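These are the residues of each chain, in order.
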Amino acid sequence: MTTALPVVGRNALAGRSVVVKVPATTANLGPGFDTLGLALAHYDHLQVEVTDESGVFVEVHGVGAGEVPTDETNLVVRAIAHTFAAYGIPLPGLKLVAENVIPHGRGMGSSGAAIVSGIMAAKGLLEGIVEIDSDALLVLATEMEGHPDNVAPALFGGLTIAWMTPEGPKHKKLMVHRGVSPMVFVPVHAMSTALARSLQPESVPHEDAVFNLSRSALLIAALIQSPELLLAATEDKLHQSYRAAAMPETNRLITLLREHGFAAVVSGAGPSILVLASDPGQRLVAADLVNQTSETPWQTLMLAVDFKGATVIRTDA
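None of the values given here were measured: they were computed from a predicted structure.

Thresholds applied
Residues numbered from 1 in each chain as written. Predicted model: local features only at pLDDT ≥ 70, side-chain atom pairs only at ≥ 80, totals over all residues. Heavy atoms only, no water. Phe/Tyr/Trp six-rings, centres within 6.5 Å; stacked < 30°, edge-to-face > 60°. Lys NZ or Arg CZ within 6 Å of the ring centre and 35° of its normal. Helix = DSSP H or I, 4+ residues; strand = E, 2+ residues; numbered from the N terminus. Expected span 1.5 Å × (residues − 1). Contact = heavy atoms within 4.5 Å. Pairing = 2+ DSSP bridges. Axes fitted to C-alpha atoms, helices over the stretch in contact; angles between N-to-C directions. Core = buried A, V, L, I, M, F, W, Y, C linked by side-chain atoms within 4.5 Å. Buried < 20%, exposed > 50% of the residue type's maximum accessible area, 1.4 Å probe, protein only.

(A) Seen up close, the packing of aromatic side chains. One pass over the full model with this rule turns up 0 aromatic pairs. A cation sits over an aromatic face here: Lys 21 above Tyr 43, 4.3 Å from the ring centre. Directly above the ring of Phe 211 sits Lys 237, whose terminal nitrogen or CZ lies 4.5 Å from the centroid.

What follows is the structure in structure tokens.
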């Protein structure tokens, strides 16, 4: 990781502000458990200003307003502080205004987006003082999130393969075939990622592991070259069946969608449902199927793949 200049006082940051845009993500994509992630064109926006006063002021609009912390325990603030601390720079007084649209606790990477928002905001505020490259961004985000499968696509966009090495997290970004048309069905109820992970067994049958290896390889080919293979490529035996009892309506609708030929999987830890359609028209049929058969309300998000990832859309230094 790049080291900071020896001394950076608060005055060096006076008057700086930054605006950051971060996409939602969906992880696993069926067989690619803790490895594959996809960035979606559904964005949280964050504005951060350095203030003359010490401490942090946080304003949240949209999703999470009145629910998420508005002090130093806020996840975005913690990510900014983590980045400043990594470079040995004192945290100045800050004012944050968050405009959130990514659902919380629904398997669309809201915590990863919050972490990436904070790290990218810190990167923008420190522009010209320290330079934080893509490898360092991924390390910082993974240190906070614990695994890179959501933060990698949030940072870099597109389809990402993420893995851990003794030297830290790594990723490879791939461009998705233009025929791939994602949609997400979002329920009214949330799902704890920690609970979902607790339902995973410590070991799985050998044949299930081999099955998922084949489907993960096929899924890469389907997403970048052959969307017609998406239904077969999104089969999974490693995680979704173990979590099904915790989200029965999600499981029922995924089974129904797949029986009708749609590549439907749990989005991240759930309970949202991701459908990877091979053309935009398929999504209307899938939406009608869910609306006619669902037992609880679901929001339908017809989205594009985000290819840019997190961006600093304005910085005043």
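Now, onward.
(B) Quick peek at helix α6 (residues 206-224). Under the 1.5 Å per step criterion, the end-to-end length of α6 is 28 Å for 19 residues, consistent within 8% with the ideal 27 Å. Among the structural elements, β2 (36-51), β5 (159-165), β6 (168-174), α7 (230-233), α8 (240-243) and β9 (273-277) are those in contact with the buried residues of α6.

(C) Focus on the sheet that holds strand β7 (residues 181-187). The strand order across the open sheet built from 4 strands is β8-β9-β7-β10, with neighbouring strands paired in antiparallel fashion. Taken across any chain shown, the strands that pair with only one partner, and hence form the sheet edges, are β8 (264-266) and β10 (298-302). Each neighbouring strand pair of the sheet contributes to a mean axis angle of 25°, computed without reference to strand direction. Two elements, β7 and β10, share 5 bridges in a ladder whose sense is antiparallel. Each bridged residue has a counterpart across the sheet, and for Val 184 the counterpart in β10 is Leu 301.

(D) Expanded view of the nonpolar core. Core analysis: the biggest nonpolar cluster contains 71 residues, and Val 48, Ile 80, Leu 96 and Met 108 have the highest contact counts within it. Counting residues per element, this core draws most heavily on helix α2 (residues 110-125), which supplies 9 residues. Those residues in contact with Leu 96 that lie beyond four places of it in its chain are Leu 46, Gln 47, Val 48, Val 56, Phe 57, Val 58, Glu 59, Val 76, Val 77 and Ile 80. If you look at the next biggest cluster of nonpolar residues, it comprises 18 residues, including Phe 262, Val 266, Val 275 and Ala 286.

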